[in-house]
Amino acid sequence: MTSHKTRNLYVVLMVFIVVVSCSGSGEAFHNLLTQFERGIGRGAAPELVKQYGGEYVLPIQERLWLDEIFRRLVDVTKRTEIEYTLTVLNTQEMNAFALPGGYIFVTRGLLRAVGNDESQVAAVLGHEIAHVECKHGLNAVLRQMGLTVLMEVGMFWLDMASTEIVRIASTTALQLLQLGWGREAEYEADILGQEYAVEAGFDGAGSVLLMDYLLQIESADQPLRVFRTHPESYERRERVAANLLSFWSSPQKISDQEWLEVLNSRRNSILDPRMDPMGRFVLTVEGNSSFQWGLEIEDTQQDLALTWLPDHKVFDAAWSPDGKYLAVIVEEKETKGLWLIDRMGNVAKKLRHYSDRHVEEVVWSPQGNMVAMTVSDGTHSDIVVGYLAGNVDIAVSQGKSGSQPIWCDDGIGFVGSGGSYFVRSPDVQPVVIHNPVPRVVERKTFLSPTVIREGNTITLTRPKLSVP
Amino acid sequence: MVRYRLGLAAALIILAASQALGNGFMFTEPGGYYQTVIPEQWVYQTHQSDNHLVVFYGPDESNLLYIERLQHILDDNARSFAERTLSLYEAPGGLRGFQLEEPVTELMIDGVAAASSVYSYLLDSKARQWEYRIFIVLEDEQGIVITISDSEDSFEDSCAVFQTVISNWRWSQ
């Protein structure tokens, strides 16, 4: 049966070559190939939806949010002939798919896992869109069927057995989808998807955070069949992390006047890192190369002098823009580290350790999702940007010896070799939903204790638990 | 005589205001867009409120009042805003068991055109919750939604309370 079909296909090829040689038209071929590609996706989509529990209807608010992320990504794609659609699959499995022709799928389980982190959702969707842009699915199907692109176009053009061929191609696409489009295709989709996400105004670090999350789950060996159609996350994680620097501009030398403008527009710069945005605490850390034992804090509300981290060498500290945390450069076991301290003076998170390197001059990004630091090995110092959500550091000074970072709205100014420099950060725009739908609020039920007063005694009874 | 009448009018206004406030408290939205009187025994809920939403629980177990300020509302008028919202609530992914109880009608809130409607939907407990909602479109693509929500049994009582909120509504700008 197979050999019979193959023989027929070769006959079609021969006819096609003759026809093409007589009257070939590039645009017509292109259109026909696109039709074929959409035909594959259209044919395979219903079966894929069926295999993964059907379509899941998101609540309106979430749907509008997801649609807006998807729309921004589609707007930056290059294949204008593709009409992208997004379907949420009703399964706990964490996965996402792309079928040829622009049919994108993401599972309910994956959406739930990444939550409301739009950068990670953009990473997922950007990756799948990139598969379509690169025609990974289409090419894999054609390879599997032993056909060339020209043969397929020829069949369409001649209108011979097109329905049957598309049906076979759709089935093939579904089979291949279970294996993934191939390791190299995944790597390519990671990088291109990350670039789409950044171009669409999302934080490129979302790709790294997503991989970190997948690695975490993979290591926990959870039986969720996480991204089982995708290759190992570690290699992919390293690649997208390394690509983050490409979204920053090269350091540009700026004039003294421009440096003054940077100073004027500073946000939480080294000149003003001590001020608690909520106005309660005042830091007295020196903030130069020297250190002090602990953080000397004046609590203006309680009129108290406090010392946080009294047993640690502190090199610098700065309040986050929202005032929730202090980023502190601390030495522990002769290694510098970047820690976050909460408003109670407790260590909220130990973010990084920098062995054999000196770290100082920490400043926050205006959005509070990154910090910039001066990191030196004794002979050379870099301006290093650390993403707080993941263990990602990038040296944005890019070889220029740098110090005194100042974070402005659109980038970081620093003093480098031979003058002042400015490096532009990627433009990240939050998701804005036009024409949002008003929320519907429901009253929450609380378990309240019963208060029993007996003379001067008040007794609280344990709330009764009852199944509604 | 004129002076006497003015004085009487002023006294009546003060009396009316004090009566209104006597049954509640003056609430000014954090963004400063409006202020109104929140009836007595209605308690502000910090855990459900945010920069754009204020929620108050009433004295019963099922009634609540909430006011939301939305940005990027592109509807031309309050009626369009209301109709678009209700159609989304009715669509898949909207409110479970949605029923339009009273169609959209137009009204004025402190001199600004508004639209109102009554609808109901099913809670997780399968009980039917009724909501009387007022939609307003302001300049600069801002929208205000004022909602009283209650179970069917006591919905009318809550609507009466709602009148206090609406009749005392004042725009700050």
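Here the structure is a predicted model, which is why all the values come from computation and not from measurement.

**Q** Help me understand helix α3 (residues 155-167) of chain B, please; the structure alone is not making it clear to me.
**A** Side chains three or four residues apart in an α-helix point the same way, a direct result of the helix having 3.6 residues per turn. All names here are of chain B. Here α3 spans 18 Å end to end across 13 residues, near enough to the 18 Å set by a 1.5 Å rise per residue. Considered for burial, the residues of α3 that qualify are F155, S158, C159, F162, V165 and I166. For α3, the elements touching its buried residues are β2 (34-39), β5 (64-70), β6 (99-109), β7 (112-122), β8 (128-137) and β9 (143-151).

**Q** Explain the interface of chain B and chain A here, please?
**A** Interfaces are often sized by the accessible area lost when the parts come together. Residue-level contacts link 38 residues of chain B with 18 residues of chain A. Buried surface at the junction of chain B and chain A, summed over both partners, amounts to about 2,200 Å²; 59% is from carbon and sulfur atoms. When the area that chain B buries against chain A is broken down by residue, the three leading residues are B:Y57, B:H72 and B:G93, summing to 21%. Across the contact surface, chain B and chain A share 2 salt bridges. Among the salt bridges present, the one from A:R439 reaches B:D50, with a minimum N-O distance of 2.8 Å. Summed over the shared surface of chain B and chain A, the number is 16 residue pairs in polar contact (both at pLDDT 80 or more). Elements represented by at least two residues in the side of chain B that touches chain A include exactly β4 (53-57), β5, α2 (78-90), β7 and β8 of chain B. The dominant element in the side of chain B that touches chain A, judged by the number of residues it contributes, is α2(B), at 5 residues. Of the residues that constitute the side of chain B that touches chain A, the class distribution is 18 nonpolar, 12 polar and 8 charged.

**Q** I keep staring at the sheet that holds strand β5 (residues 281-283) of chain A and nothing clicks. Help me out?
**A** Hydrogen bonds between backbone atoms are what pair the strands of a sheet, whose relative direction is either parallel or antiparallel. All names here are of chain A. Read from one edge to the other, the open sheet built from 6 strands follows the order β5-β6-β7-β8-β9-β10, with strand pairing classed as antiparallel. Single-partner strands in this sheet number two, and they are β5 and β10 (347-354). Pairs of neighbouring strands in the sheet enclose a mean axial angle of 45 degrees, with direction left out of account. Across 6 bridges, the pairing between strand β7 (residues 304-319) and strand β8 (residues 326-332) is antiparallel. Residue D316 lies in a different strand from β8, and its bridge partner there is I329.

**Q** Whenever I open this one, empty space enclosed by the protein confuses me. Can you help?
**A** Once rolled over the atoms, a probe with the size of a water molecule shows which space is left empty. All names here are of chain A. Tallied over the entire structure, the rule returns 3 cavities of 30 Å³ or more. In this structure, the largest cavity occupies an estimated 90 Å³ of space. Around the largest cavity sit 13 residues that line it, and A123, H127, D190, L210 and M211 are the ones nearest its centre. Contributing elements (two or more residues each) for the lining of the largest cavity: α5 (118-133), α9 (183-199) and α10 (205-220). Residue classes in the lining of the largest cavity are distributed as 6 nonpolar, 4 polar and 3 charged.

**Q** Would you take a moment to explain the sheet that holds strand β14 (residues 392-395) of chain A for this structure?
**A** All names here are of chain A. The strand order across the open sheet formed by 4 strands is β11-β12-β13-β14, and the pairing between neighbours is antiparallel. Edge strands, defined here as strands with exactly one partner in the open sheet, are β11 (358-364) and β14. Across the sheet, the axes of successive neighbouring strands diverge by a mean angle of 30 degrees, strand direction being ignored. In this sheet, β14 lies alongside strand β13 (residues 381-387) in antiparallel orientation, the contact comprising 4 bridges. The residue of β14 that forms the bridge with Y387 is V392.

**Q** Whenever I open this one, α9(A) confuses me. Can you help?
**A** Residues and elements named next belong to chain A. The end-to-end C-alpha distance of α9, which contains 17 residues, comes to 24 Å, matching closely the 24 Å that a straight helix rising 1.5 Å per residue would cover. Of all the residues in α9, the buried ones are A185, E186, Y187, A189, D190, G193, Q194, Y196, A197 and V198. Downstream of α9 by a residue or two, G201 has a phi angle that is positive, lying close to 90 degrees.

**Q** Which parts of the structure should I look at to understand the layout of surface pockets?
**A** Volume-wise, the largest pocket comes out at about 990 Å³. Taken together, 32 residues line the largest pocket, and the ones lying closest to its centre are A:Q61, A:V437, A:P438, A:R439 and B:E68. Listing elements by their share of the lining of the largest pocket, those giving two or more residues are α3 (60-75) of chain A together with β5 and β7 of chain B. Take the lining of the largest pocket: its biggest share by element is 4 residues, from α3(A). Its boundaries defined by the atoms lining it, the second largest pocket holds a volume of some 860 Å³. A:D203, A:Q367, A:G368, A:N369 and A:V428 are the residues nearest the centre of the second largest pocket, which is lined by 40 residues in total.

**Q** Hey, could you run me through the packing of aromatic side chains in this one?
**A** Geometrically, a pair of aromatic rings is defined through the distance of the ring centres and the angle of the planes. Under the definition given, this model contains 15 aromatic pairs over all chains. For the pair A:W248 and A:W407, a centre-to-centre distance of 6.2 Å together with 65 degrees between the ring planes defines the contact as edge-to-face. Of this pair, A:W248 sits in the loop between α11 (233-243) and β4 (252-254) while A:W407 sits in strand β15 (residues 402-407); the two residues are 159 residues apart in sequence, bridging distant segments of the chain. On the basis of relative accessibility, which here comes to 1%, the residue A:W407 falls in the buried class. Among the aromatic residues, those joined into a cluster by ring pairs are B:F25, B:F27, B:Y44 and B:F56. Above the ring of A:F202, the side-chain terminus of A:R72 is found at 4.1 Å from the ring centroid. Its end group placed over the ring of A:Y56, A:R108 keeps NZ or CZ at 5.1 Å from the ring centre.

**Q** Any chance you could explain the packing of α9(A) against α11(A) here in plain terms?
**A** Each pair of packed helices gets described by two things: the angle between the helix axes and the distance between those axes. Residues and elements named next belong to chain A. Where α9 meets α11, the axes come as close as 10 Å, and the angle between the chain directions of the two elements is 35 degrees. Relative to α11, α9 is oriented so that their crossing is right-handed. Contacts from E186, Y187, D190, I191, Q194 and E195 in α9 reach E235, R236, R239, V240 and N243 in α11. A per-class count over the contact of α9 with α11 returns 3 nonpolar, 2 polar and 6 charged.

**Q** What exactly am I supposed to notice about the packing of α5(A) against α9(A) here?
**A** All names here are of chain A. Contact geometry for α5 and α9: axes closest at 7 Å, N-to-C directions at 120 degrees. Here α5 is positioned oblique relative to α9, judged by the angle of their axes. The chirality of how α5 crosses α9 is right-handed. Between α5, through A122, G126, H127, I129, A130, H131 and E133, and α9, the contact on the second element is made entirely by A185, E186, A189, D190, L192, G193, Y196 and A197. Considered class by class, the residues forming the contact of α5 with α9 number 8 nonpolar, 4 polar and 3 charged.

Thresholds, definitions, all that
The written sequence of each chain sets the order in which its residues are numbered from 1. Lettering of chains starts at A and numbering of ligands starts at 1, both following the order in which they are written. The predicted origin of the model limits local features to residues at a pLDDT of at least 70 and limits the giving and counting of side-chain atom pairs to 80 or more, whereas totals for whole chains, interfaces and linings rest on all residues. Side-chain numbers come from the whole structure's heavy atoms, not from hydrogens or water. By the criteria applied, helices consist of DSSP H or I runs no shorter than four residues and strands consist of E runs no shorter than two, each listed in order from the N terminus. In this scheme, a helix's expected span is set at 1.5 Å multiplied by one less than its residue total. Throughout this description, buried means an accessible area under 20% of the type-specific maximum (1.4 Å probe, protein chains only), exposed means over 50%, and partly exposed covers the range between. Residues count as neighbours in contact if any of their non-hydrogen atoms are within 4.5 Å of one another. What gets called buried area is simply the loss in accessible area from a 1.4 Å probe that two parts show on being joined, summed for both. Each reported salt bridge corresponds to a side-chain nitrogen of Lys or Arg within 4 Å of a carboxyl oxygen of Asp or Glu. Here a polar contact means two N or O atoms within 3.5 Å. Within protein one must be a hydrogen donor candidate and the other an acceptor candidate, and residues neighboring in sequence count only if both atoms are side-chain atoms. Note that Gly is not counted as nonpolar here; it falls among the polar residues with everything else outside the nonpolar set of Ala, Val, Leu, Ile, Met, Phe, Trp, Tyr, Cys and Pro and the charged set of Asp, Glu, Lys and Arg. The pairing criterion is simple: DSSP has to find at least two bridges between the two strands. Orientation is described by lines fitted to C-alpha atoms, with helices fitted over the stretch in contact, and by angles between N-to-C directions that extend from 0 to 180 degrees. Cavities and pockets were defined on a 1 Å grid built from protein atoms only: a cavity is a group of points that admits a 1.4 Å probe but offers it no way out, a pocket is an open group of points flanked by protein on both sides within 12 Å along at least five of seven lines, and a lining residue is one with an atom within 4 Å of any such point. Grid points are joined across faces, edges and corners, and a volume is the space filled by probe spheres set on the points. Each Phe, Tyr or Trp ring, with Trp reduced to its six-membered ring, pairs with another whose centre is within 6.5 Å; inter-plane angles below 30 degrees give stacked pairs, above 60 give edge-to-face pairs, and intermediate values give tilted ones. The criterion for a charge sitting over a ring is simple: Lys NZ or Arg CZ within 6 Å of the ring centre, and within 35 degrees of the ring normal. Definitions for this section: a left-handed crossing has its near helix turned counterclockwise from the far helix by less than a right angle. A right-handed crossing has that turn clockwise. In what follows, roughly perpendicular refers to angles from 65 to 115 degrees, roughly parallel to angles under 35, roughly antiparallel to angles over 145, and oblique to any angle outside these ranges.

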